[in-house]
Amino acid sequence: MTGSTIRLPGDGLTLAADSYGDPESPPVLFFHGGGQSRRSWRGAARRVAEAGYYGLAIDLRGHGESDWAADGAYHVIDYARDVEALIAHFARPLALVGASRGGQSALIGSAAHPEHVALLMLADVSPYIVDAGVDGIRRFFRASDAGFASLEDAADALSAHLGQPRPTDISGLARALRTDGDGRLFWQWDSRAGAPEFLHPPSEGQALVDAARSLKVPVVLVKAEHSDIVSDDSVARFRALTPQLEVVVAKGVGHMFTGDRNDAFADTLLSHLAHHLPITA
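Residues take numbers from 1 onward in each chain, read along the sequence in its written order. Local features are withheld for residues below a pLDDT of 70 in this predicted model, meaning they are given only at 70 or higher, and side-chain atom pairs are given and counted only at 80 or more; totals for whole chains, interfaces and linings count all residues. Excluding hydrogens and water, the side-chain figures rest on all heavy atoms present in the structure.

**Concerning the environment of alanine 91**
Alright, step 1. Helix and strand labels come from DSSP, where a helix needs a run of H or I of at least four residues and a strand needs a run of E of at least two; each type is numbered from the N terminus. Within the element layout of this structure, alanine 91 appears in the loop between helix H2 (76-90) and strand S5 (94-99).
Alright, step 2. Exposure categories follow from relative accessible area, calculated using a 1.4 Å probe and restricted to protein chains: below 20% of the type maximum is buried, above 50% is exposed, and the middle band is partly exposed. Of the residues examined, alanine 91 reaches a relative accessible area of 45% and is grouped as partly exposed.
Alright, step 3. Put simply, alanine 91 and valine 117 are 26 residues apart on the chain and 9.6 Å apart in space, counted from C-alpha to C-alpha.

**Topic: the pattern of salt bridges**
Alright, step 1. Salt bridge, as applied in this entry: a Lys or Arg side-chain nitrogen positioned within 4 Å of an Asp or Glu carboxyl oxygen. Under the counting rule described, the total for this entry stands at 13 salt bridges.
Alright, step 2. For the salt bridge of arginine 81 with aspartate 11, the shortest nitrogen-to-oxygen distance reads 3.1 Å. Of this pair, arginine 81 sits in helix H2 while aspartate 11 sits in the loop between strand S1 (4-9) and strand S2 (14-20), and the two are 70 residues apart along the sequence.
Alright, step 3. Aspartate 11 gets classed as partly exposed once you look at its relative accessible area, which sits at 36%.
Alright, step 4. In this structure, the salt-bridge partner of arginine 38 is aspartate 59, at a minimum N-O distance of 2.5 Å. Residue arginine 38 is found in the loop between strand S3 (27-31) and helix H1 (42-50), and its partner aspartate 59 is found in the loop between strand S4 (54-58) and H2; the two are separated by 21 residues along the sequence. Aspartate 59 matches arginine 38 in its accessibility class, with the two residues each being buried.

**Details of unusual backbone geometry**
It is generally the case that most residues other than glycine have a negative phi and that most peptide bonds are trans.
Alright, step 1. Its identity as a non-glycine residue notwithstanding, serine 100 has a phi of 50°, on the positive side.
Alright, step 2. Position of serine 100 among the secondary structure elements: in the loop between S5 and helix H3 (101-112).
Alright, step 3. For aspartate 124, which is not glycine, the phi torsion reads 55° and is therefore positive.
Alright, step 4. Relative to the helices and strands, aspartate 124 is located in the loop between strand S6 (117-123) and helix H4 (135-144).
Alright, step 5. Assessed through its relative accessible area of 0%, aspartate 124 is described here as buried.

**Points about the packing of aromatic side chains**
Alright, step 1. Only Phe, Tyr and Trp rings take part, Trp by its six-membered ring, and two of them pair if their centres are within 6.5 Å. Stacked means planes under 30 degrees apart, edge-to-face means over 60, and tilted covers everything else. Per the counting criterion, the structure on display carries 4 aromatic pairs.
Alright, step 2. An angle of 40° between the planes, with centres 6.1 Å apart, marks the rings of tyrosine 74 and tyrosine 79 as tilted. Taken individually, tyrosine 74 and tyrosine 79 each receive the classification buried, so the pair is uniform in this respect.
Alright, step 3. Consider the rings of phenylalanine 148 and tryptophan 187, whose centres lie 5.8 Å apart with planes at 70°: the pair is edge-to-face. Taken together, the residues phenylalanine 148 in the loop between H4 and helix H5 (151-162) and tryptophan 187 in strand S8 (residues 185-187) connect sequence positions 39 residues apart. Of the two residues examined, phenylalanine 148 and tryptophan 187, each falls in the buried class.
Alright, step 4. A network of ring pairs unites the aromatic residues Phe148, Trp187 and Trp189 as a single cluster.

**Here we look at H1**
Alright, step 1. Of all the residues in H1, the buried ones are Gly43, Ala44, Ala45, Val48 and Ala49.
Alright, step 2. Between two residues, a contact is recorded if the distance between any of their heavy atoms is within 4.5 Å. The inward-facing, buried residues of H1 contact S2, S3, S4 and helix H8 (265-276).

**Quick look at the nonpolar core**
Alright, step 1. Nonpolar cores were defined as sets of buried Ala, Val, Leu, Ile, Met, Phe, Trp, Tyr and Cys residues, with membership established by side-chain atoms within 4.5 Å. Judged by nonpolar contacts, the single largest core of 60 residues is most densely connected at Leu29, Phe31, Ile58, Leu96, Leu120 and Trp187.
Alright, step 2. The element best represented in this core is H2, accounting for 7 residues.
Alright, step 3. Residues within four places of phenylalanine 31 in sequence aside, it is in contact with Trp41, Ile58, Leu60, Val83, Leu86, Leu96, Val97, Gly98, Ala99, Gly102 and Ala106.
Alright, step 4. Core analysis: the next-biggest nonpolar cluster, separate from the first, contains 26 residues, Val28, Ala44, Ala57 and Leu270 among them.

**Some words on the pairing of strand S10 (residues 246-250)**
Alright, step 1. As paired elements, strand S9 (residues 219-224) and S10 share 5 bridges and run parallel to each other. When the sheet's bridge partners are listed, valine 220 is paired in S10 with glutamate 246. Only when DSSP finds a minimum of two bridges between them are two strands counted as paired.

**Let's talk about H3**
Alright, step 1. The span expected for a helix works out to 1.5 Å for each residue beyond the first. For H3, which comprises 12 residues, the first-to-last C-alpha distance of 17 Å matches the rise-based estimate of 16 Å (1.5 Å per residue) to within 8%.
Alright, step 2. Along H3, 10 of the 12 residues are buried, which leaves the element largely enclosed by surrounding structure.
Alright, step 3. All of the buried residues in H3 are Arg101, Gly102, Gly103, Gln104, Ser105, Ala106, Leu107, Ile108, Gly109 and Ser110.

**Topic: the environment of aspartate 228**
Alright, step 1. Here aspartate 228 is to be found in the loop between S9 and helix H7 (232-241).
Alright, step 2. Classification of aspartate 228 as partly exposed rests on a relative accessible area of 44%.

**Brief notes about the sheet that holds S5**
Alright, step 1. In space, the 8 strands of this open sheet follow the order S1-S2-S4-S3-S5-S6-S9-S10, with mixed pairing throughout. Each having just a single partner strand, S1 and S10 make up the two edges of the open sheet. Ignoring strand direction, the axes of neighbouring strands in this sheet form an average angle of 25°.
Alright, step 2. Here 6 bridges tie S5 to S6, and the two strands are oriented parallel to one another. Opposite leucine 96, over in S6, you have leucine 120 as the bridge partner.
Alright, step 3. Relative to the sheet, H1 contacts S2, S3 and S4, its axis offset from that of S4 by approximately 170°. Here, axes are lines fitted to C-alpha atoms. For helices the fit covers the stretch in contact, and angles between N-to-C directions go from 0 to 180 degrees.

Structure, rendered in structure tokens:
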């Protein structure tokens, strides 16, 4: 199935999305992690469209082809306001799926507009994050600030700081990079989004806790078995805030399991969509 690129309204800016399926079908919105792009969810968005949904893989603000925040607003609540704007735009029952930063944003956004959210599915994200696990992400952003001389250098940074296996064929990375006037390669995001003050500050944790406590919608957490971000204690504390939480363990993977390809994730998602957001004739 071939998708099309569209623009959607965020909070004072526009967001790029790859759309699949019939726009009149129940929407399923996918949000990637910090420093990634909508590419990471294209496979899953295509899969749900084939099952009869309207799949939308969306670039977060400051990422991919979405607008950069003119005022440099990249706190989790800023991303969440974009989610709220999207929910209001569709104004009908939908599902939200988010990984890492995208999952945090979807969590807060769904708590603000529960009347339209039929399902919230989170890929290895909780209101309670193991801060030490964020260190690799912080190092990755810092290592990326100056750009890279080659695709090889960019691949090395991914492997060294995020624990991703270094692919044999790295040519695909070119689609995630842009070139400046001096020929250096930079990831397709606003470097301000990775500033230290935006990476898991205390205020962010409280916003997530408050949202989780107020959640009334069905919530499914797909926890990576080897996550260094979400611990068993994180899950227990999440469930204390959100009693309806359902947990599925993704065996044999770490936190970045939705980094590039997550088609297998769609199988779990589709089973929950059939229950919470069924296709009606």
